[in-house]
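A structural walkthrough
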Amino acid sequence: MKSAIANLVEQALKDLPEIAAAADEQSLQVTVERARDTRYGDFATNVAMQLARRVGQKPRDLAQSIVASLPASALIDKTEIAGPGFINFYVSDKALHDELKTVLVQGDEYGRKAPQASPKILLEFVSANPTGPLHVGHGRHAAYGATIGNLLESQGLSVEREYYVNDAGRQMDILGVSVWLRMLEKAGIKIPFPEAGYRGDYIRDIAASIDSGNYTAVSGEAVIAGLPEDAPTGDKEDYIGALIDRAQELLGAENFFRLRRASLESIRDEIRDDLEEFGVSFDRWFSEQTLHDEGQIDEALAVLKERGMLYEQDGATWFRATDFGDEKDRVVIRENGKKTYFASDIAYHYGKRQRGFDFLLDVLGADHHGYLARVRAGLDAMGFSGESLEVQLVQFVTLFRAGKKQQMGTRSGKFITLRQLREEIGNDAARFFYVMRSNDQHLEFDLELAKSRSQDNPVYYMQYAHARICSVFRKLPEKGYEWDSTAGNDSLSLLSEENERNLMSSVSRYPEVLELAANNRAPQNLVHYLRDLANDFHTFYNAHMVTVEEAELRNARLTLCAAVRTIIANGLGILGVTAPESM
């Protein structure tokens, strides 16, 4: 409806000689918004105030001309000019009735746009380091990223989902050493466990799952001989680094790499299982190690060098990131010859564009503030537009149980896993609560609220609305009735009560909300809409009996209920939440 009204206004503007002569095409972009107070119409536009000065007219006079030039449409019942020049539109009852019919004809396709071949979007999200199970913070990334993908696809966009597995670098060495030490511990060889190691019980589980024969044929003395002291008396990073070197020395580099790989694969498989059980799947799991093994980092750096974007200083190789708006130049190869994480980042995104993706959308943690500018600089320098990369940052989650804040820390092993959260409150509540707030706001996750079966729990409130409607239809035969949808469509003019009209208007908002939520990367827009729709339904249901004796009115109200049921199910589906038929 919103876009249809905007089209009517645009046509009226084009038909006005003074507008056609004075306004360029950009000026004819009309903004139409839903009215906050339906007493003053259903939609409104301020286009007259925007163009009045340009055409030398008073806004209200121009508004009168626009209204007079509006093409005839069954969509509009009447228009009014308000305040300094707002044009208010009152949607006709017939338009609302037609929208209900469209909902029921299109079903789960209602509100969705036709698929487009381009642009091709690569959505990367979660990408948690495979050094431990997913915790509740990662769950927010998963729910947000998955919902964004669903929203974009609802707008006809082509989306592929990717998980970037950080399986190269120091954190993998620390994981391997942590598992090795637990293997030695199980074999009776006690080594002081490093403060910088991974301490969770899952490390013991991994150690127990791997054949220890090749890894425990060493003595404790050989392991710790000459090692520096660990924190607090020594330096924890020196100690863990020395342990890594000792493991490679005693086990052999290839054997240690196999242990590291087996540990990684165990955690990665658990992460994949967790996400799939959470309703989150990926088209590709991309290994960071392949960037090294297949020479993709060298290829990207060669492109930068050829373009004159690298220089040597203090024994390191630097990228001229400041030439492209970054706050400082960035090291890509350290003095010791090792490539930086930034070199991997730009190579990874360069590879994304080479794979044929037109737009890159990364969902990252809140600690990645400077990521966008420097990776965009890399893309620009390699010949791709930096604007093809968008980064959405997800803030932290604070979990509360009975009012008490829960602590989290991957290395310490003190955290609540996503699996534990799902087992306690269920997938539906987790998926829903994770996207209730904007991703750029901290989320306080109240476990008691998420588990409650009351209207204070928003996911329960919405699911109950769906189940309530299903119950109405399920009980029809008990009352000797059946829903005649054709008769219902023919009798929609009987829906004349204020609550009925409000509910029909709420239903018609769904396509607009989907578009807004997708464009703004804001699932909370859909959450708030569904809460309002459920509230409008419960208000209607509590005020008016649906299964009245009068057949025409009964069928009309059943038609309205069926449309609401469809919208709730569609919207919850976008969020990854089920729509139960009974509760």
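Summarised in this report is the structure supplied together with it.

The rules behind these values
- Residues numbered from 1 in each chain as written.
- Predicted model: local features only at pLDDT ≥ 70, side-chain atom pairs only at ≥ 80, totals over all residues.
- Heavy atoms only, no water.
- Buried < 20%, exposed > 50% of the residue type's maximum accessible area, 1.4 Å probe, protein only.
- Helix = DSSP H or I, 4+ residues; strand = E, 2+ residues; numbered from the N terminus.
- Pairing = 2+ DSSP bridges.
- Right-handed = clockwise from strand over helix to strand, strands pointing away.
- Axes fitted to C-alpha atoms, helices over the stretch in contact; angles between N-to-C directions.
- Contact = heavy atoms within 4.5 Å.
- Salt bridge = Lys/Arg side-chain N within 4 Å of Asp/Glu carboxyl O.

This part is about the pairing of strand S5 (residues 120-124). One face of the sheet, then the other: side chains in a regular strand alternate in exactly this way. The buried count for S5 comes to four of five residues, which makes it a mostly enclosed element. As paired strands, S5 and strand S6 (residues 158-165) are joined by five bridges and run parallel to one another. Residue pairing across strands places Leu123 opposite Arg161, the latter belonging to S6. Taking the sense of rotation as the criterion, the β-α-β connection linking S5, helix H6 (residues 136-154) and S6 turns out right-handed. Of the strand pairs in this sheet, S5 and strand S11 (residues 359-365) are connected by four bridges, and their pairing is parallel. Bridge assignment links Leu123 to a residue of S11, and that residue is Leu361.

With parallel pairing, five strands are arranged side by side in an open sheet as S7-S6-S5-S11-S12. In this open sheet, the two edge strands, each paired with only one partner strand, are strand S7 (284-287) and strand S12 (389-394). Looking at each pair of strands side by side, their axes are set apart by 25° on average, direction ignored. Here helix H11 (residues 253-277) sits on the sheet in contact with S6 and S7, set at roughly 155° to S7.

Time to look at the pattern of salt bridges. Using the criterion set out here, one finds 34 salt bridges in the structure. In this structure, Glu277 and Arg422 form a salt bridge, with 2.8 Å as the shortest nitrogen-oxygen distance. Within this pair, whereas Glu277 is found in helix H11, its partner Arg422 is found in helix H16 (residues 418-425), the two being separated by 145 residues in sequence. Across the pair Asp326 and Arg330 runs a salt bridge, and its minimum N-O distance is 2.8 Å. The burial state of Asp326 is the same as that of Arg330; both residues are buried. Connected through shared salt-bridge partners, Arg182, Glu185, Asp201 and Arg204 make up one network.

Function-wise, these values are silent; they only describe arrangement.
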